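For reference, the chains in residue letters:
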Amino acid sequence: MNTASRTTDPVTSADGSPGALRHDALALSAAAQARSAVLEERLVDDPRQFRVLTGDRPTGRLHLGHYFGTLLNRVRLQDLGVEMFVVVADYQVLTDRDIADDPTGYVEELVLDYLAVGLDPSRSTIFTHSSVPALNQLLLPFLSLVSVAELGRNPTVKDEIAHSRQSSVSGLMFTYPVHQAADILFCKANLVPVGQDQLPHLETTRTVARRFNDRYGAGAAVFPQPDALLSSAPLLLGTDGTKMSKSRGNAITLAADADETARLIKGAKTDADRHITYDPAARPEVSSLLLLAALCQNLAPEQVAAGIGSAGAAALKRTVTEAVNEHLAPVRARRREFAQDRAYLRRTLREGNERAGEIADTTLAEVRTAMKNHY
Ligand code: TRP
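In what follows, the accompanying structure is described. (Residues numbered from 1 in each chain as written. Predicted model: local features only at pLDDT ≥ 70, side-chain atom pairs only at ≥ 80, totals over all residues. Heavy atoms only, no water.)

### Looking at the pairing of strand β2 (residues 83-88)
We count it as follows: Throughout this description, buried means an accessible area under 20% of the type-specific maximum (1.4 Å probe, protein chains only), exposed means over 50%, and partly exposed covers the range between. Each helix is a run of H or I in the DSSP string that is no shorter than four residues. Each strand is a run of E no shorter than two, and both are numbered from the N terminus. A pair of strands is labelled paired if DSSP reports no fewer than 2 bridges between them. When the strands point away from the viewer and the connection leading from the first strand across the helix to the second strand turns clockwise, the crossover is called right-handed.
Burial analysis of β2 places 5 of its 6 residues in the buried class, which makes it a mostly covered element. Judged from the 6 bridges that link them, strand β1 (residues 51-56) and β2 form a sheet pairing that is parallel. Bridged to Arg51 within β2 is Glu83. Handedness of the β-α-β unit built from β1, helix α2 (residues 64-80) and β2 comes out right-handed. Relative to strand β3 (residues 124-128), β2 is paired through 5 bridges, and the arrangement is parallel. Looking at β3, one finds that Phe85 is bridged to Thr125. Handedness of the crossover joining β2 and β3 through helix α3 (residues 103-117) is recorded here as right-handed.

Next comes the structure, spelled out in structure tokens:
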């Protein structure tokens, strides 16, 4: 996505009130980075202070970009002892397309990816957004807390609208940050692992929480104002040299087998210089392949480059293929096992949905009490 277009928005709303949504991307990002460093320390000291919510829209199989970008981090947080909620955001597939093709199939693929990388349903609650009615009911009071002008200024929404394949902007797309606020606040999560582009959304969640507390809390905080935990994961390019993406056909998925992986990497874009060096600015495609091998082998990309030297792109691709296939072998083996056990998969979601539903019911009851909706 184009980040340059996101930095030009005004900092405050027209009334300049302190509660206004701030969308200065650079300021947000610097502050969030500093804050994330502090949070990382606290996570290790006292993981039980934290409840994390993260999730994905079920639009296809997850790939290496997701794996190194977010999935490993979720498993790390889970293993630290943080309480984890993972939303399979099935309703929200409709933000940038008219219909969700094969919702059930994609949900199951996504959950298989989660289980394969090591998310453990006894410690992490995995649930589908559409199955938790009380979560979705939070949307109505939450929508009353933000203005149309504020939503219109959200730089990530603007960016997504600019790149949308749809001919017009749906209300769902326009209100997306508020849906995320409901996803996060229903379980009172206080920590949300995000990439840079999600910071404005999280700012909306914080604003919704603060305004709800101010308006209805009578001095008590009904909702926490969740923190962003910025990931330091490097950006992986796809095999065509552009951002790795489910929809671009340039992604190596977790579910792919070793042969398919070899074929994809064989077709990857490189350049004419036989001497392999790590130089992300001048040689983005070669460098991204080196980075991929390095992440898989737990080495620095420069070390991988030195090992290949002047052996050329074919040798680089052989190295990357071996590294990826070896690293993913246990993940893929687990994925195949879980894929055999559909009953377990369905039970995982049923239990996750039940647990999320109970928590959402409790939160909605508190919200109704705070709003004095007693009938
Ligand atoms: N926006 C995420 C995606 O497009 C999925 C998501 C939905 C999410 N609700 C969330 C992520 C709340 C973090 C917090 O994949």
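### Brief notes about the site of the ligand
Here is the rule: Here, proximity means that at least one heavy atom of the residue falls within 4 Å of the molecule or strand. Polar contact is defined as a pair of N or O atoms within 3.5 Å, subject to the rule that within protein one atom must be able to donate a hydrogen and the other to accept it, and that residues adjacent in sequence are counted only when both atoms are side-chain atoms. Calculation of accessible area relied on Shrake-Rupley with a 1.4 Å probe; when residues are assessed, cover is drawn exclusively from the protein chains displayed.
Taken together, Leu53, Gly55, Asp56, Arg57, Val87, Ala89, Gln92, Tyr176, Gln180, Asp183 and Ile184 make up the full set of residues adjacent to the ligand. Here Arg57 contributes a side-chain N or O atom positioned 3.2 Å from an oxygen atom of the ligand. Here Tyr176 contributes a side-chain N or O atom positioned 2.8 Å from a nitrogen atom of the ligand. Contact with the protein chains removes 84% of the 360 Å² of surface that the ligand exposes when unbound. Looking at the shell around the ligand, the elements with two or more residues in it are β1 and α9 (176-185).

### Side note on the packing of aromatic side chains
What counts, and what does not: Put simply, two rings from Phe, Tyr or Trp (the six-membered ring, in Trp's case) pair if the centres are within 6.5 Å, and we call them stacked under 30 degrees between planes, edge-to-face over 60, tilted for the rest.
Tallied over the full model, the rule gives 8 aromatic pairs. Their ring planes at 75° and their centres at 4.9 Å tell us that Tyr67 and Phe68 sit as a pair that is edge-to-face. Phe68 matches Tyr67 in its accessibility class, with the two residues each being buried. Taking the centre distance of 6.2 Å and the plane angle of 90° together, the rings of Phe85 and Phe186 count as edge-to-face. Highlighted residues: Phe85 in strand β2 and Phe186 in the loop between α9 and β4 (191-194), separated in sequence by 101 residues. Considered together, Phe85 and Phe186 belong to a single accessibility category, that of buried residues. Chaining the aromatic ring pairs together yields one cluster made of Phe142, Phe212, Tyr216 and Phe223.

### Observations regarding the nonpolar core
Side chains of a nonpolar character, in soluble globular proteins, are inclined to be buried together. We count it as follows: Definition of nonpolar core: a set of buried residues of the types Ala, Val, Leu, Ile, Met, Phe, Trp, Tyr and Cys, connected through side-chain atoms within 4.5 Å. Delimitation of the domains relies on an automatic or database domain assignment. Contact definition: two residues touch when any of their heavy atoms are within 4.5 Å.
Judged by nonpolar contacts, the single largest core of 55 residues is most densely connected at Leu64, Tyr67, Tyr114 and Val324. Secondary-structure elements contributing two or more residues to this core are α1 (25-45), α2, β2, α3, α12 (284-297), α13 (301-308), α14 (312-340) and α15 (342-370). No fewer than three residues from each of domain 1 (18-235 + 352-372) and domain 2 (258-339) sit in this core. Contacts of Val324, omitting those with residues within four sequence positions, involve Leu64, Ile252, Thr261, Ile265, Leu292 and Cys296. Grouped together as the second largest cluster of nonpolar side chains are 41 residues, Ala89, Val192, Val222 and Ala356 included.

### Observations regarding the side chain of Ser36
Within the secondary structure, Ser36 sits in helix α1. Separated by 2.8 Å, the side chain of Ser36 and the backbone nitrogen of Leu230 make a polar contact. If sequence neighbours within four positions are ignored, Ser36 has contacts with Ala228, Leu229 and Leu230.

### Structural notes on the packing of α3 against α14
Rule in force here: The angle between two axes is taken between their N-to-C directions and runs from 0 to 180 degrees, where each axis is a line fitted to C-alpha atoms and a helix contributes only its stretch in contact. If an angle is under 35 degrees, it is roughly parallel; if it is over 145, roughly antiparallel; if it lies from 65 to 115, roughly perpendicular; otherwise it is oblique. Crossings are classed by handedness, with left-handed meaning an anticlockwise turn of the near helix from the far one by less than a right angle and right-handed meaning a clockwise turn. Residue polarity is assigned by list, with Asp, Glu, Lys and Arg as charged and Ala, Val, Leu, Ile, Met, Phe, Trp, Tyr, Cys and Pro as nonpolar; anything else, Gly included, falls into the polar class.
Running from amino to carboxyl end, α3 crosses α14 at an angle of 130°, the nearest separation of the two axes being 8 Å. Put simply, α3 runs oblique to α14. Considering only the axes of α3 and α14, their crossing is right-handed. Contact with α3, carried on its side by Glu109, Leu112, Asp113, Leu115, Ala116 and Val117, involves Val331, Arg334, Arg335, Phe338 and Ala339 of α14 and no other residues of that element. Its residues placed into classes, the contact of α3 with α14 shows 7 nonpolar, no polar and 4 charged.

### Some words on α15
The following threshold applies: To estimate the expected span of a helix, count its residues, drop one, and scale the result by 1.5 Å.
Along its 29 residues, α15 runs 42 Å from first to last C-alpha, staying within 8% of the 42 Å computed at 1.5 Å per residue. The first or second residue beyond α15 is Lys372, which carries a positive phi of 60°.

### A short note on the packing of α12 against α14
The N-to-C vectors of α12 and α14 enclose an angle of 35°; their axes lie 8 Å apart at closest approach. By crossing handedness, the relation of α12 to α14 is classed as left-handed. Side by side, α12 and α14 meet where Val286, Leu289, Leu290, Leu292, Ala293, Cys296 and Gln297 of the first sit next to Leu316, Val320, Ala323, Val324 and His327 of the second. Considering only residue class, the contact of α12 with α14 consists of 10 nonpolar, 2 polar and no charged.

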